[in-house]
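Survey of secondary and tertiary structure
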2 protein chains.
Amino acid sequence: MFKTTSQYRTESTEGRYGGKGVAVVSHVMEKTELLANCRLFARIRLDPGCSIGWHTHDQEEEVYYILSGEAVVNDDGVIRTVYPGDSVYTGNGGSHSIENQGSEPMEFLGVILTYQPPER
Amino acid sequence: MFKTTSQYRTESTEGRYGGKGVAVVSHVMEKTELLANCRLFARIRLDPGCSIGWHTHDQEEEVYYILSGEAVVNDDGVIRTVYPGDSVYTGNGGSHSIENQGSEPMEFLGVILTYQPPER
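Everything numeric in this text was worked out from a predicted model, so none of it was measured. (Residues numbered from 1 in each chain as written. Chains lettered and ligands numbered in written order. Predicted model: local features only at pLDDT ≥ 70, side-chain atom pairs only at ≥ 80, totals over all residues. Heavy atoms only, no water.)

**Here's the deal with the relation of the copies chain B and chain A**
Using the following cut-off: A residue counts toward the fit only if its pLDDT is at least 70 in both copies, and the copies are then superposed by least squares on the C-alpha atoms of those residues. Any pair of residues with heavy atoms lying within 4.5 Å of one another is described as a contacting pair.
Least-squares fitting of chain B to chain A yields an RMSD of 0.0 Å, with the superposition described by an axial translation of 0.0 Å and a rotation of 180°. Interpreted geometrically, this transformation is the action of a two-fold axis. A share of 100% of interface residues in chain B that are also interface residues in chain A marks the association as one of identical surfaces.

**Re the sheet that holds strand E5 (residues 51-57) of chain A**
Residues and elements named next belong to chain A. So the rule is basically this: A pair of strands counts as paired when DSSP detects no fewer than two bridges linking them. Numbering of helices and strands starts at the N terminus; helices are DSSP runs of H or I of at least 4 residues and strands are runs of E of at least 2. Each axis is a line fitted through C-alpha atoms, and for a helix only the stretch in contact is used; angles between axes span 0 to 180 degrees, taken between their N-to-C directions.
Pairing in this open sheet of 4 strands is antiparallel, and the strands run E5-E10-E7-E8 from one edge to the other. The open sheet has two edge strands, E5 and strand E8 (78-82), and neither has a second partner. In this sheet, adjacent strand axes meet at a mean angle of 15° when their direction is disregarded. Two elements, strand E7 (residues 71-75) and E8, share 5 bridges in a ladder whose sense is antiparallel. The residue of E8 that forms the bridge with Asp75 is Val78.

**A closer look at the pattern of salt bridges**
The condition is simple: The term salt bridge refers to a pairing of a side-chain nitrogen on Lys or Arg with a carboxyl oxygen on Asp or Glu at a separation within 4 Å.
Summed over all chains, the structure comprises 14 salt bridges over all chains. A salt bridge links Lys3 of chain A to Glu33 of chain A; the shortest N-O distance between them is 2.7 Å. Of this pair, Lys3 of chain A sits in strand E1 (residues 2-3) while Glu33 of chain A is found in the loop between strand E3 (22-29) and strand E4 (38-46), placing the two residues 30 residues apart along the sequence. The residue Arg43 of chain B makes a salt bridge to Glu107 of chain B at a minimum N-O spacing of 3.7 Å. On the criterion of sequence distance, the pair formed by Arg43 of chain B in strand E4 (residues 38-46) and Glu107 of chain B in strand E11 (residues 106-114) is long-range, its members being 64 residues apart. Here the salt bridges do not stand alone but share partners, grouping Arg9, Glu11 and Glu30 of chain A into one network.

**As for the confidence of the model for chain A**
What counts is decided by this rule: Confidence of the predictor in every single residue is expressed as pLDDT, which spans 0 to 100.
Here chain A shows a mean pLDDT of 97. Residues at 70 or above account for 100%. Both confidence scores are given for the complex: pTM 0.97, ipTM 0.96.

**Brief notes about the side chain of Asn74 of chain B**
All names here are of chain B. Note the cut-off: For each residue, the accessible area found with a 1.4 Å probe, counting protein chains only, is set against the maximum for its type, and the residue is called buried under 20%, exposed over 50%, and partly exposed in between. Nitrogen and oxygen atoms within 3.5 Å of one another constitute a polar contact, given that in protein one can donate a hydrogen and the other can accept it, and given that sequence-neighbouring residues count only through two side-chain atoms.
One can find Asn74 in strand E7 (residues 71-75). Judged by relative accessible area, which is 18%, Asn74 ranks as buried. A polar contact is formed between the side chain of Asn74 and the backbone nitrogen of Gly77, at a distance of 2.8 Å. The contacts of Asn74, once residues within four sequence positions are left out, are Trp54, Ile79, Ser95, His96 and Ser97.

**Some details on the nonpolar core**
Nonpolar side chains in soluble globular proteins generally cluster together in the buried interior. Just so we agree on the cut-off: For the purposes of this section, nonpolar cores are sets of buried Ala, Val, Leu, Ile, Met, Phe, Trp, Tyr and Cys residues that join through side-chain atoms within 4.5 Å.
Judged by nonpolar contacts, the single largest core of 28 residues is most densely connected at Phe41 and Leu113 of chain A together with Phe41 and Leu113 of chain B. Listed by contribution, the elements that provide at least two residues to this core are E3, E4, strand E6 (60-68) and strand E11 (106-114) of chain A together with strand E3 (22-29), E4, strand E6 (60-68) and E11 of chain B. Among residues more than four places away in sequence, those in contact with Leu113 of chain A are Asn37, Cys38, Glu60 and Glu61 of chain A together with Leu34, Ala36, Cys38 and Leu113 of chain B.

**Re the interface of chain B and chain A**
The criterion, for reference: Buried area is a sum: the accessible area each of two parts loses on coming together, probed at 1.4 Å, counted once for each and added.
Taken together, the contact between chain B and chain A spans 36 residues of the former and 36 residues of the latter. For the pair chain B and chain A, the summed buried surface comes to about 3000 Å²; carbon and sulfur atoms form 66% of the total. Ranking the residues of chain B by area buried against chain A places Phe2, Tyr65 and Tyr89 of chain B at the top, with a combined share of 23%. Between the two partners, chain B and chain A, sit 0 salt bridges. Only strand E1 (2-3), E3, E4, E6, E7, strand E8 (78-82), strand E9 (87-91) and E11 of chain B provide two or more residues apiece to the side of chain B that touches chain A.

**Quick look at the packing of aromatic side chains**
When we look at a pair of aromatic rings, we describe it by the centre distance and by the angle of the planes. Residue and element names in this part refer to chain A. As a reminder, the rule being used: We call Phe, Tyr and Trp rings a pair once their centres come within 6.5 Å, taking the six-membered ring for Trp, and we label the pair stacked below 30 degrees between planes, edge-to-face above 60, and tilted otherwise.
Scanning the model with the defined rule gives 2 aromatic pairs over all chains in all. Relative to Phe108, the ring of Tyr64 lies with its centre 4.6 Å away and its plane at 65°, an arrangement referred to as edge-to-face. Separated by 44 residues along the polypeptide, Tyr64 in strand E6 and Phe108 in strand E11 bring together distant segments of the chain. Both residues of the pair, Tyr64 and Phe108, belong to the buried class.

Structure follows, in structure tokens:
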């Protein structure tokens with residue numbers, strides 16, 4: 001199954017997990033399109049000043065893969081600036097947040113793999 | 001856990017699944033670093049003329065997400081050229097191949113989600 005950007009369902013979520021501004025979530029794959037234990041496979045855009053707040057991944061793990069721009073990530077208390085090609089793993093009860101403190105939009109892939117079948 | 005490109009284990013695989021030339025596989029996440037059912041989370045580079053041959057995904061599914069350049073993908077007999085931001089889903093017994101027929105290197109993320117725990 002082929003998809004292009006125009007075919008990704010895109011939603012603008014405000015104050016995601018208490019974050020600032022808007023996170024624009026484009027669903028590369030819907031969880032209903034996947035048979036595996038995966039509840040999010042999305043490209044997420046944060047414009048300057050926008051963030052996704054601190055939240056915990058119990059019984060699941062998320063991989064961030066940075067596509068463009070830069071962001072400050074707090075991964076379980078360790079804070080770093082991430083750039084295109086970088087990745088962050090947070091899972092098994094770990095927590096994280098991500099904020100665009102730069103001057104350009106930034107995008108990353110967020111893939112959440114669950115340890116049991118997700119609700120579909 | 002933060003990672004940058006220099007920390008990804010990178011291997012050059014020749015004639016992958018009968019393909020042409022070399023596929024350079026950078027493991028963004030090792031399967032041993034993931035608790036979920038995932039046996040590949042990698043960035044793969046195909047230089048011009050290089051390809052990954054036709055192969056089948058039984059009891060698993062793979063998502064390609066195109067990062068840069070362009071490639072020709074055969075997904076279960078449907079052949080298309082893919083560009084950055086595009087994705088391809090192949091799974092549950094489906095087959096695919098990918099070839100760089102362009103003049104620039106191309107890169108994509110390949111994520112293989114398995115329906116049972118993978119061998120680790």
